[in-house]
Amino acid sequence: MSVARIVDIKHFAVHDGPGIRTTVFLKGCPLRCIWCHNPESVRTVPEIALLNRCTLCGRCAEVCRCHRIEKGKHLIDRTSCTGCGRCVSACLCNALFLYGKTFTPEGLMPELLTDRLFYGHSGGGITLSGGEPLLAPEFCRDLFRLLKTEGIHCAVDTCGNIPWNAFETVLPFADLFLYDLKQMDSDLHRQYTGAPNERILENLKHLDDTGKPIEIRMPIIPGLNDDPGEIASAGRFLGGLKHIIAVRLLPYHSFARSKYQSIGHADTMPAVESPSKEKLDHLAAQMQKEMGKTYRNCPVLR
Amino acid sequence: MWNTFDRIRPHLEEQYRNWEPNPETGLSPEELEKLADRCFESHRGEPLILTKAAIFELILTKARIGVDPADWFADHLQSGNVMNKYQGLRKAEGYRKLPSDCEDASSLYPETGTGYAALDLSHTSPDWKSVLELGPTGLRDRALHAQKSAETEEQRIFYTAVAVIFDAMRKFIERLAEEAERVGAERVSGTLRAIAHRPPETFQEALQLSLLYDTCQELEGEPVRSQGLFDRLFLPFYRHDLQNGILTRDQAKELLKFFWTKFYAQGHPNGKNFGFGGLEFPGNDTTNELTELGFEVYRELNTINPKLTFRVSKKTPDFILRRVAECIQAGITGFVFANEETAREMFRKRGKEPRDIYDFIFVGCYEPAIMGREISCTMAGTYNLLKPVELLFHNGNDPRTGAAVGLPCPLPRNSQELEAAYFRQLTHQLTRIMERGKLYEKIWPEVNPSPLLSGTMPECIRKGRDISDSGTKYNTSGIMCAGIGSAADALAAVEYLVFERNLCSMTELKNALDNNWNGYETLRLEALNHAPKWGISDPSADAIARRITEHTANLINHTPNTRGGTFQMGLWSIDQDRTLGSKTGATPDGRLSGAPLSRNTGSTTGMDRRGITALMNSVMKLDHSEFPDGSVLDIMLHPSAVSGKEGPDIITSLIRTFFAGGGLAIQFNILSAEDLKQAQKEPEKYSNLQVRVCGWNNRFILLSPEEQALFIAKAEAGE
Ligand code: SF4
Ligand code: SF4
Ligand code: SF4
């Protein structure tokens, strides 16, 4: 039976595909984007997050040695943590959260079905995101298969940096792909995300050939990929594809900083301002133009 | 003449506060009061309904009036406090004569935050159809005509009172017309002249008459709590004007702006309620060009008063629902959405004829009633569903005051005993509230006959009976039940802490409550953060809520009142979540003494931790067709959760989903920067507030202060 580590499940997700959706975040990602907004989903191992409402009561330390309260500080030895979750149940303040509980597709279904009335009335469904869901292609396939028997719309949000056969595994069941495009220049891509982009672009072309609808998602990171040249080459590349249904520009925000802290990761992203609304409008217009005639009516969302 | 609204809007909004009546137009309030006192004396011994009509006539024919040439409508009347005073006197007199049975329901119950029984004169709507079809003279003549076949003296008196009062209304309108001519108010003089002697024909005449009727009924002493179904009542007049070239669409919009601003300027704290949409016989959708126009005007006005009720059925076109969703998105949230299908089922269960149901409105806030055929007294009683929990821990006594408002009982020893004890206290108290309520109903005719309001009701005219004497076809009495979330949480917490997890004994829990949880912090955290809660789609808490509401609905909905109808359960709280909560001690759900109850059908503040879909899933598990006195859910959204082109679709999907799941009414809140700042200060109350972060929504309170500041800045920038 396929299993996966789940970072979190978000209900009422309204921007991860059409309608009202539930998004399941899988743990583990092949990239290391320096601006990563989901640091809790990057590593494959379970991770304990400590939220700032901890009252230092020490109950968690009583059940596990990974926790220590010292001189008014809550210290966590994350290297010894096995992800058992006992400390989370012990905490009475909801100050601990375990990213990376293991689920089977069957185990996830009841929770995913609770909102089915909402999916039905909004044209929504389930989106698998991450991290990179297609690092666990069998799990995605098995879950989608179950969802499809219930008639539920299935979408995958992928960074694309995975072997093509992972796509093939889920293709029969996925209704929609949300595909990240971060940087057209491969060297820069490697510099910002830790990997070149050839495979990502190659997979995107393949995916386009299958005829599945694709929504492109482009994080706009000031100073890294928001110059006109970058947008132009992304737009031209997309213009050569046939099944793009929308492009969404996702403006960078520093919202993830507290998450880095809570799970004890170093945050290497330099401080930058979020792109302004005018800037986004401008980039969107440029994107629309570069994508050419075929995509005159393709929405560029922001 | 046209396009003046925006320019004079500030003046219109202050039109009552700034008004200095011209002394030449009539008597001062003091003179009026003297005259009324004499009138009252000379009518002593006569049936109250005639005295009331006489005083009413006196005011309408003698009080100072005013007409503003810049306005499209006239209604200024300096009525003073006369009617109020007599109503107060009659009430006091009536209450003195009440027997002492179940007296605690109107004395100890309010003091202990249990609820109350009362005479509810304030939740009414006239038959707007009769008003607009007949006008004051037609209404007068209808009564006089009926009088010819009157059989009893009582009926004859009733008809006389109705005729006197509508003739007084006609005289009032004529006085306004004369004043309009005197001050050269061309915008209104013709209209006033016309409706003084015939039913309205034009849009302006219909609006003017409806405004004046409202003024008169408020004067009579029964607040008008629904202005009827706007897009049905006024459609013939609107079409007439457009067809005959009397008005353009834009001019009609301008008229409506002047009209609605009247209600804003009057400043009724609860807002005047206009209904829209819904089905009509034999089951087709009624939305029309006036529905659209109304919503458009409302959006342009960007106001909070009036408030609009939109009846939504499966047949309501998506585009019009989307139009309203766009208003919500823009933060114009003064809408309540009513579910046509659940309402029909609910009315049907209460024995209402299928034909009648098409005319339902929401009276007050969200209390369903049939326009023109029902007097629903939607707050004849109120009840705190959390109170029995407090009582079952304290042998039936209210711990704060020591008052014995419940039944003596030992501490429950297991889950069965727990629920049995809860229901015993609840049944005892609700029965007393209803018994007391019946006594109030009996004295109603002596306290406040209502010839004007009754005179609009076809059934009252047919029977020759006032509404206070059950003249209408349906006569129901509502009991507002508040705090369902808190009650379910409290029972679920006892179950969890004592019987399931053995974390404490009943006695220990009682001690914790008596000490307002001081010294029991750990236990309180267990109760707050680990026990099951209402509003997170938790099966056990939801089942408790369902059992509570089923039991209560069964009890209330099958208790006859004295007016030929039954009591009706309502599941809402309005702002009484605070008043009732302030007099309720600490409860097992971790709630501190004096804290508010859960509001309406929602969760206890801050306990809806799993988002709005989970909240709605919980609420949809209740059978809302069993709450004939209404039920409503509040949804709180951050602007970013419904931003962009898809935003309105998300809102309409939420409405359609909730209605498919059987909900009766839903309303939305879009939070402003101010609200967000409050959420920063009191995060525990806003745990469910969602904000959009990159590609998903996150809970606002989980963000760092800096990030929250960013959102606040965004909200301030109106993004
Ligand atoms: S692809 Fe997404 S999850 Fe993976 S590192 Fe980049 S931003 Fe983070
Ligand atoms: S998840 Fe288990 S191993 Fe990890 S810190 Fe908590 S209790 Fe310890
Ligand atoms: S149990 Fe919770 S509140 Fe107590 S120290 Fe651990 S994390 Fe903090």
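A.B. asks: Go over the side chain of Asp 589 of chain B with me, naming the residues and quoting the values.
C.D. replies: Residues and elements named next belong to chain B. Inspection of the secondary structure assignment puts Asp 589 in the loop between α25 (576-582) and α26 (611-620). Of the side chains with opposite charge, Lys 533 lies nearest to the buried Asp 589, which makes no salt bridge, at 5.2 Å. A distance of 2.7 Å separates the side chain of Asp 589 from the side chain of Thr 587, its partner in a polar contact. Contact partners of Asp 589, with chain neighbours within four places excluded, come to Ser 486, Asp 489, Ala 490, Ala 493, Ala 527, Leu 528 and Lys 533.

A.B. asks: Describe the interface of chain B and chain A, naming the residues involved and giving the relevant values.
C.D. replies: The interface is formed by 39 residues belonging to chain B together with 36 residues belonging to chain A. Between chain B and chain A the total buried area reaches about 3,300 Å² when both faces are included, carbon and sulfur atoms providing 61% of it. Here chain B and chain A share three salt bridges between them. A salt bridge links Arg 248 of chain A to Glu 646 of chain B; the nearest nitrogen and oxygen atoms lie 2.9 Å apart. Counting across the chain B and chain A interface gives seven residue pairs in polar contact (both at pLDDT 80 or more). Those elements that place two or more of their residues in the side of chain B that touches chain A are α23 (521-530), α26, α27 (647-660), β18 (690-693), β19 (696-699) and α29 (705-716) of chain B.

A.B. asks: A description of unusual backbone geometry should follow, citing residues and the corresponding values.
C.D. replies: Following Gly 130 of chain A, the chain continues to Gly 131 of chain A via a peptide bond in cis, the omega torsion being 15 degrees. Within the fold, Gly 131 of chain A resides in the loop between β8 (125-129) and α5 (137-149). The omega torsion of the bond from Phe 281 of chain B to Pro 282 of chain B falls at 0 degrees, within 30 degrees of zero and hence cis. Tracing the sequence through the fold places Pro 282 of chain B in the loop between β5 (279-280) and β6 (284-285).

A.B. asks: Describe the packing of helix α14 (residues 318-329) of chain B against α27 of chain B, with residues and values.
C.D. replies: Residues and elements named next belong to chain B. Axis separation between α14 and α27 bottoms out at 8 Å; the angle between their running directions is 110 degrees. Taken together, the axis directions place α14 and α27 in an arrangement best described as roughly perpendicular. Here α14 and α27 pass one another in a crossing that is right-handed. Where α14 approaches α27, its residues Asp 318, Leu 321, Arg 322, Ala 325, Glu 326, Ile 328 and Gln 329 are matched on the opposing element by Gly 647, Pro 648, Asp 649, Ile 651, Thr 652, Ile 655 and Arg 656. Looking at the contact of α14 with α27, its residues break down into six nonpolar, three polar and five charged.

A.B. asks: Talk me through the packing of helix α3 (residues 105-113) of chain A against α5 of chain A; I want residue IDs and the actual numbers.
C.D. replies: Residue and element names in this part refer to chain A. It is at 10 Å that the axes of α3 and α5 come closest, and there the two elements cross at 45 degrees. Put simply, α3 runs oblique to α5. Taken as a pair, α3 and α5 cross one another with a handedness that is right-handed. Only Phe 139, Asp 142, Leu 143, Leu 146 and Leu 147 of α5 make contact with α3, whose side of the interface consists of Pro 105, Glu 106, Leu 108, Met 109 and Leu 112.

A.B. asks: Could you give an account of the site of ligand 3, with specific residues and numbers?
C.D. replies: Within the structure, ligand 3 sits among 14 residues, and Cys 54, Cys 57, Gly 58, Cys 60 and Cys 91 of chain A are positioned closest to it. Considering only residue class, the shell around ligand 3 consists of 10 nonpolar, three polar and one charged.

A.B. asks: Describe the nonpolar core, listing the residues and the values that go with them.
C.D. replies: If you look at the biggest cluster of nonpolar residues, it comprises 219 residues, and the most contacted ones within it are Phe 203, Trp 260 and Phe 337 of chain B. Among the elements that take part in this core, helix α7 (residues 153-182) of chain B stands out by supplying 14 residues, more than any other. Core analysis: the next-biggest nonpolar cluster, separate from the first, contains 56 residues, Leu 112, Leu 128, Ala 136 and Leu 171 of chain A among them.

A.B. asks: Give a detailed account of the sheet that holds strand β14 (residues 477-482) of chain B, specifying residues and quantitative values.
C.D. replies: Residue and element names in this part refer to chain B. One open sheet holds the four strands; their spatial order is β3-β12-β14-β15, and the pairing between them is mixed. In this open sheet, the two strands that pair with only one neighbour each are β3 (115-117) and β15 (567-571). Pairs of neighbouring strands in the sheet enclose a mean axial angle of 25 degrees, with direction left out of account. The pairing of β14 with β15 spans five bridges and is parallel. Looking at the pairing, Ser 477 lines up with Phe 567 of β15. Against the sheet, helix α24 (residues 539-557) makes contact with β14 and β15, and its axis sits at roughly 150 degrees relative to β15, the strand it touches most.

A.B. asks: So, the confidence of the model for chain B: which residues are in play, and what are the values?
C.D. replies: Residues and elements named next belong to chain B. Overall, the prediction assigns chain B a mean pLDDT of 94, with 97% of residues at 70 or greater. Ignoring residues within four places in sequence, the model shows residues 692-697, a span with pLDDT below 50, making 30 contacts including any to other chains. The ipTM for the predicted assembly is 0.94, set against a pTM of 0.94.

About the thresholds
- Residues numbered from 1 in each chain as written.
- Chains lettered and ligands numbered in written order.
- Predicted model: local features only at pLDDT ≥ 70, side-chain atom pairs only at ≥ 80, totals over all residues.
- Heavy atoms only, no water.
- Helix = DSSP H or I, 4+ residues; strand = E, 2+ residues; numbered from the N terminus.
- Buried < 20%, exposed > 50% of the residue type's maximum accessible area, 1.4 Å probe, protein only.
- Lys, Arg positive; Asp, Glu negative; His and termini not counted.
- Salt bridge = Lys/Arg side-chain N within 4 Å of Asp/Glu carboxyl O.
- Polar contact = N/O pair within 3.5 Å; in protein donor to acceptor, adjacent residues only side chain to side chain.
- Contact = heavy atoms within 4.5 Å.
- Buried area = accessible area lost by both parts, 1.4 Å probe.
- Axes fitted to C-alpha atoms, helices over the stretch in contact; angles between N-to-C directions.
- Parallel < 35°, antiparallel > 145°, perpendicular 65-115°, else oblique.
- Left-handed = near helix turned anticlockwise from the far one by under 90°.
- Nonpolar A, V, L, I, M, F, W, Y, C, P; charged D, E, K, R; others polar.
- Near = heavy atom within 4 Å.
- Core = buried A, V, L, I, M, F, W, Y, C linked by side-chain atoms within 4.5 Å.
- Pairing = 2+ DSSP bridges.
- pLDDT = per-residue confidence, 0-100.

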